[in-house]
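# Summary of the model geometry
Listed below, chain by chain, are the residues.
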Amino acid sequence: QVQLVESGGGLVQPGGSLRLSCAASGIIFWINDMGWYRQAPGKQRELVATITPSGTKTYQDSVKGRFTISRDNAKNTVYLQMNSLKPEDTAVYYCNLQHSGRNYWGNGTLVTVSS
């Protein structure tokens, strides 16, 4: 009954920006760690960014300074603001929630960075 729904993906040119959203339902959102992962074709899924309930953030080195993760607990939503996008950022982006030793995932939203 826990659901995570991502939105905001699309096609952008190198140097462009997108904001991804992940809406959670069926779980108490504000007490859980949240994260964004991505998976490019033929590659393993990798961690992009995380945020704790109190707002502590971590980032993969390749996106540090370009991406910003945030959360709005009142809206049960986590965001990923992506600036200065590069072709290597092309991937399906997945929202992740961790609760009591379990991982919950959305179905992903596709981000394509290309000229």
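Overview of the structure. Because the structure is a prediction, the values reported are computed rather than measured.

## Description of the state of the cysteines
Simply put, disulfide is the name for a covalent bond between the sulfur atoms of two cysteines. One pass over the full model with this rule turns up one disulfide. What pairs with Cys22 in a disulfide is Cys95, and their sulfur atoms sit 2.0 Å apart. When the S-S torsion is -80°, as for the bridge of Cys22 with Cys95, the disulfide is left-handed. Placement of the pair is Cys22 in strand E3 (residues 18–25) and Cys95 in strand E9 (residues 91–99), with a sequence separation of 73 residues. The residues Cys22 and Cys95 share a single accessibility class, namely buried.

## Re the pairing of strand E5 (residues 46–51)
Pairing of strand E4 (residues 33–39) with E5 involves five bridges; the strand directions are antiparallel. Looking at the pairing, Gly35 lines up with Thr50 of E5. Between E5 and the antiparallel strand that follows it, strand E6 (residues 57–59), lie five residues; Gly55 among them carries a positive phi value of about 105°.

## Regarding the pattern of salt bridges
Opposite charge on two side chains permits pairing when their charged atoms draw close. All told, the structure shown has three salt bridges when counted by the stated rule. The residue Arg38 makes a salt bridge to Asp89 at a minimum N-O spacing of 3.0 Å. Taken together, the positions of Arg38 in strand E4 and Asp89 in the loop between strand E8 (77–82) and E9 put the pair 51 residues apart, joining distant regions of the chain. According to the relative accessible area criterion, Arg38 is buried, its value standing at 5%. You can call Asp89 buried: its relative accessible area is 1%.

## So, the nonpolar core
Grouped together as the largest cluster of nonpolar side chains are 27 residues, with contacts concentrated most on Met34, Trp36, Val78, Leu80, Met82 and Tyr93. If we skip the residues at most four places from it in the chain, Val78 touches Leu20, Ser21, Cys22, Phe29, Met34, Trp36, Ile51, Ile69, Ser70, Arg71 and Cys95.

## What to know about a nonpolar patch on the surface
A cluster of nonpolar side chains, contributed by Ile28, Trp30 and Ile31, occupies part of the molecular surface with about 330 Å² of accessible area. Considering the arrangement of structural elements, one finds Trp30 in the loop between E3 and E4.

## Section: the environment of Asn107
When you line up the elements, Asn107 lands in the loop between strand E10 (102–105) and strand E11 (109–113). Expressed as a C-alpha distance, the spacing of Asn107 and Glu46, which sit 61 residues apart in the sequence, is 15 Å. Dropping the residues within four chain positions of it, Asn107 is found in contact with Leu4, Glu6 and Tyr94.

Rules behind the numbers
- Residues numbered from 1 in each chain as written.
- Predicted model: local features only at pLDDT ≥ 70, side-chain atom pairs only at ≥ 80, totals over all residues.
- Heavy atoms only, no water.
- Disulfide = S-S within 2.5 Å.
- Helix = DSSP H or I, 4+ residues; strand = E, 2+ residues; numbered from the N terminus.
- Buried < 20%, exposed > 50% of the residue type's maximum accessible area, 1.4 Å probe, protein only.
- Pairing = 2+ DSSP bridges.
- Salt bridge = Lys/Arg side-chain N within 4 Å of Asp/Glu carboxyl O.
- Core = buried A, V, L, I, M, F, W, Y, C linked by side-chain atoms within 4.5 Å.
- Contact = heavy atoms within 4.5 Å.
- Patch = residues over 30% accessible without salt bridge, like charges linked within 9 Å, V, L, I, M, F, W, Y side chains within 5 Å.
- Areas by Shrake-Rupley, 256 points an atom, 1.4 Å probe, with all protein chains shown as cover.

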